[in-house]
Each structure stands twice: as structure tokens, then as C-alpha cells.
Amino acid sequence: MSETITFTIPLEEPDECEDYAEQCRNIVQVQVSEKTNGMWRRVPNASNHMVNLILSREGTIGLATALLRTAHQPTPSPIFLEMLPSSPGHAVERFGVFMHPDSCRLNIGLHDFGDIHTTLDAQNDSTGAAG
């Protein structure tokens, strides 16, 4: 017998902490890079930039499934996957999705940052900010 799951849009935050978030290890780091003189360099202060990730419903399912499978593999950290946009007459499915021809290059990395408290403390220490 199948179970029906209903979601409200937008998704509401759960009342209880989910298992994956219990230890505050569900961290995402977003970096912006620009190509200068043929070299890719990370933009040091990307606060004036924005990254948009726009997915179809099927693309969301495909990417989420691939991310879950990767997260459950006993592989060393960090892992990086490069995804390139489709070119005329040539589409490649990577990580459960096809990149749109108008997409920019996308790199997805899997890395263990520890917990958010340690990460924030390390950031404060490196900038000299008071915690």
C-alpha cells in the first residue's frame, strides 16, 4: 500500500529538528568565481553578487536524488563535480539533470565543514571579529 505525502507551498519549517539538522552540520557554502585573463578566481566579497539555481520539478527530483545517493556513499571528502551547459545538438545528463544551454558552468562539491558553531567561530577568528 502506498502512502500519500502532501506538502504545502511554500514548505513550512518543521516543529521538530530533523535528524540531518540535529547537530547543525547541514551547511552550504556558496562561492562566486569570475574569469579574468583566462583564469577562474573566486570573488572575495560576493555580497554584491547573486547565484540563481532554477530547476524544473523533474530536475529538482533528479538533482536531489543524485545528491542523496552521493551523500550516502562512503567516499572521501571533498568531492567535486563539474557540470557544463548543453551545446547545440549535444546534451549530457550529470547528477540527475540536463544543464540548460543558457546555463553557466556549475560545480557541486561535497565537503565536511563540521558544525555551524565551529564554522562561525573559525570565521570570526580569521576576520578578527568578536564572538
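Residues numbered from 1 in each chain as written. Predicted model: local features only at pLDDT ≥ 70, side-chain atom pairs only at ≥ 80, totals over all residues. Heavy atoms only, no water.

**Q** I would appreciate a short explanation of the overall build of the protein in the present structure.
**A** Broken down by element type, the protein carries two helices and six strands. Listing the helices and strands of the protein from first to last along the sequence gives β-β-α-β-β-β-β-α. Contacts in the protein between residues far apart in sequence, at least 24 positions, make up 47% of those at least 6 positions apart. With the model as given, the accessible surface of the protein reaches about 11600 Å², and the carbon-plus-sulfur share is 54%. (Helix = DSSP H or I, 4+ residues; strand = E, 2+ residues; numbered from the N terminus. Contact = heavy atoms within 4.5 Å. Areas by Shrake-Rupley, 256 points an atom, 1.4 Å probe, with all protein chains shown as cover.)

**Q** Sorry, what's going on with the environment of Ala64 here?
**A** Mapped onto the elements, Ala64 comes out in helix H1 (residues 57-71). On a C-alpha basis, the gap between Ala64 and Gly96 in space is 8.1 Å, while along the polypeptide they are 32 residues apart.

**Q** Help me out: how do you make sense of a negative patch on the surface in this one?
**A** A surface patch of negative charge is lined by Asp15, Glu16, Glu18, Asp19 and Glu22. Following the sequence through the fold, Asp15 ends up in the segment before strand S1 (33-36). (Patch = residues over 30% accessible without salt bridge, like charges linked within 9 Å, V, L, I, M, F, W, Y side chains within 5 Å. Salt bridge = Lys/Arg side-chain N within 4 Å of Asp/Glu carboxyl O. Lys, Arg positive; Asp, Glu negative; His and termini not counted. Charge placed at Lys NZ, Arg CZ, Asp CG, Glu CD.)

**Q** Is there a simple way to explain the side chain of Ser86 in this structure?
**A** Mapped onto the elements of the fold, Ser86 is located in the loop between strand S3 (79-83) and strand S4 (93-94). Residues contacting Ser86, with those up to four places away along its chain left out, are Ala91, Val92, Met99, His100 and Pro101.

**Q** Can you walk me through the nonpolar core in this structure?
**A** Buried together is how nonpolar side chains tend to be arranged in soluble globular proteins. Counting residues in each nonpolar core, the largest one holds six residues, listed as Leu63, Leu81, Met83, Val97, Met99 and Ile108. With residues near it in sequence (within four places) discarded, Ile108 still touches Leu63, Leu67, Ile79, Phe80, Leu81, Met83 and Phe95. (Core = buried A, V, L, I, M, F, W, Y, C linked by side-chain atoms within 4.5 Å. Buried < 20%, exposed > 50% of the residue type's maximum accessible area, 1.4 Å probe, protein only.)

**Q** Sorry if this is basic, but what is going on with the layout of surface pockets here?
**A** Empty pockets left among the atoms are what a rolling probe the size of a water molecule brings to light. Here the largest pocket is characterised by a volume of approximately 2400 Å³. Together, 50 residues line the largest pocket, and Val28, Gln29, Asn107, Ile108 and Gly109 are the ones closest to its centre. Taken together, the elements giving at least two residues each to the lining of the largest pocket come down to strand S2 (39-42), H1, S3, strand S5 (97-98) and strand S6 (106-110). At eight residues, the largest contribution of residues to the lining of the largest pocket is made by H1. Split into classes, the residues belonging to the lining of the largest pocket amount to 29 nonpolar, 16 polar and five charged. (1 Å grid on protein atoms, 1.4 Å probe; cavity = no way out; pocket = protein on both sides within 12 Å on 5 of 7 lines; lining within 4 Å. Points joined across faces, edges and corners; volume = space filled by probe spheres on them. Nonpolar A, V, L, I, M, F, W, Y, C, P; charged D, E, K, R; others polar.)

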